[in-house]
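Examination of the molecular architecture
Okay, here's what each chain looks like letter by letter:
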Amino acid sequence: MDRIIIQDLTVYAKHGVYAEENILGQQFLVSVTIETDLSGAGNSDALQDSIDYGKICHFVTKYMQQHTFHLIEAVAEHLAQELLMQYKQIKKVKVKVKKPWAPIGLPIKNVSVEIERARHTAYIAFGSNMGDKQAYIDQGIQALDALETCKVCKVSSIFETAPYGGVPQDHFKNGVLCLETILDPHQLLEKLHEIEKQADRVRDVRWGPRTLDLDIIFYDDKVMHSKDLTIPHIDMQNRTFVLQPLCELAPWYCHPLLHQTVQQLYEGLLDKQQHDGGN
């Protein structure tokens, strides 16, 4: 990936743990490394095909002067998020904030924090089998797309499927969407749960009926397992209602653990079901 590098932009702003730092302010040095595709600008020699680093410098200065944080960790985090949200061409950004006048009472050149944040691609399975199913699905997709930190890129067709897990209930409407997000997996999961709650989702019975179900299937090529989240989704390879719509969006997407594409997983599951006489 190509890079634009801004090094040691001097900004006088009011950030710090101590009250006098928030009142009097001090000097900070900010470096920003932007990863983006510069091939268009390189060929056209036109500024509109690039990211104007002058505007980036003014944006950083204005943002740091209009906001106050206790920690430079928070300065870097929020600045990186704002850059990603304001400049859609940025794929990844590294922000380094130096504090030359750190009040520690010892001779020191500076203290700095450096973070790296990026855009991520996630595939989210959605479903509903209570009330106005389509309305709940539409509400969920619109709520997700309305988040500043997320953009719904593609939505599959809606499929009607039999319930999964053996609990007697109505048929589901299911699908999958492709999402671009700057949230990390747990932050994204939290947002999905909030949207489910807005749709009056109740978690009483495992695999039971629900107004709206939102599950992270893939998040880039990430593999993780925690108490409340497993990526890739632990049972996706056994669910036609996930694989069928996912095949519409990304049949080429390779499962990072099973090392098969979505299309291969779907065809393998259909073969298994045909052999077993199941659904």
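No experiment lies behind these values; they were computed from the predicted model shown. (Residues numbered from 1 in each chain as written. Predicted model: local features only at pLDDT ≥ 70, side-chain atom pairs only at ≥ 80, totals over all residues. Heavy atoms only, no water.)

Things to note about helix α4 (residues 72-86)
- An ideal rise of 1.5 Å per residue puts 21 Å on 15 residues; α4 measures up with 21 Å between its terminal C-alpha atoms.
- Listing the buried residues of α4 in full gives Ile72, Val75, Ala76, Glu77, Leu79, Ala80, Leu83, Leu84 and Met85.
- On the buried face of α4, the contacting elements are β2 (26-36), α3 (53-66), β3 (92-99) and β4 (111-118). (Helix = DSSP H or I, 4+ residues; strand = E, 2+ residues; numbered from the N terminus. Expected span 1.5 Å × (residues − 1). Buried < 20%, exposed > 50% of the residue type's maximum accessible area, 1.4 Å probe, protein only. Contact = heavy atoms within 4.5 Å.)

Details of the nonpolar core
- One finds Met64, Leu79, Leu83, Val93 and Val95 to be the most contacted residues of the largest nonpolar core, which totals 33 residues.
- When contributions to this core are tallied by element, the ones reaching two or more residues are β1 (2-13), β2, α3, α4, β3 and β4.
- No other element matches the eight residues that α4 contributes to this core.
- In contact with leucine 79, other than residues within four places in its own chain, are Val30, Phe59, Val60, Tyr63, Met64 and Val95.
- Counting 25 residues, the second largest nonpolar core, distinct from the first, contains Phe126, Leu144, Leu179 and Ile231. (Core = buried A, V, L, I, M, F, W, Y, C linked by side-chain atoms within 4.5 Å.)

Focus on the pattern of salt bridges
- Following the criterion strictly, the structure yields eight salt bridges and no others.
- Salt-bridge contacts for glutamate 116 lead to lysine 92; the nearest nitrogen and oxygen are separated by 3.8 Å. Of this pair, glutamate 116 sits in strand β4 while lysine 92 is found in strand β3, placing the two residues 24 residues apart along the sequence.
- Residue classification places glutamate 116 among the partly exposed residues on the basis of a relative accessible area of 39%.
- Under the relative-accessibility criterion, lysine 92 is labelled partly exposed at 27%. (Salt bridge = Lys/Arg side-chain N within 4 Å of Asp/Glu carboxyl O.)

Considering helix α6 (residues 185-198)
- For α6, with 14 residues, the first-to-last C-alpha span of 20 Å sits near the 20 Å given by 1.5 Å per residue.
- Among the residues making up α6, those that are buried are Pro185, Leu188, Leu189, Leu192, Ile195 and Glu196. Relative to the axis of α6, the buried residues are bounded by an arc of 120° and lie together on one face. In α6, those exposed residues whose orientation departs by more than 90 degrees from the buried face are Lys197 and Gln198.
- For α6, the side-chain oxygen to backbone nitrogen distance between the N-cap and histidine 186 is 3.1 Å, and the N-cap itself is aspartate 184.
- Looking one or two residues past α6, aspartate 200 carries a phi angle of roughly 65°, positive in sign. (Arc of directions from axis to C-beta. Polar contact = N/O pair within 3.5 Å; in protein donor to acceptor, adjacent residues only side chain to side chain.)

Here's the deal with the side chain of arginine 119
- Relative to the assigned elements, arginine 119 resides in the loop between β4 and β5 (120-128).
- Here tyrosine 87 takes part through its backbone oxygen, which lies 2.9 Å from a polar atom of the side chain of arginine 119.
- Beyond its immediate sequence surroundings of up to four residues, arginine 119 is in contact with Leu84, Met85, Tyr87, Lys88, Ile90, Lys91, Glu180, Thr181 and Ile182.

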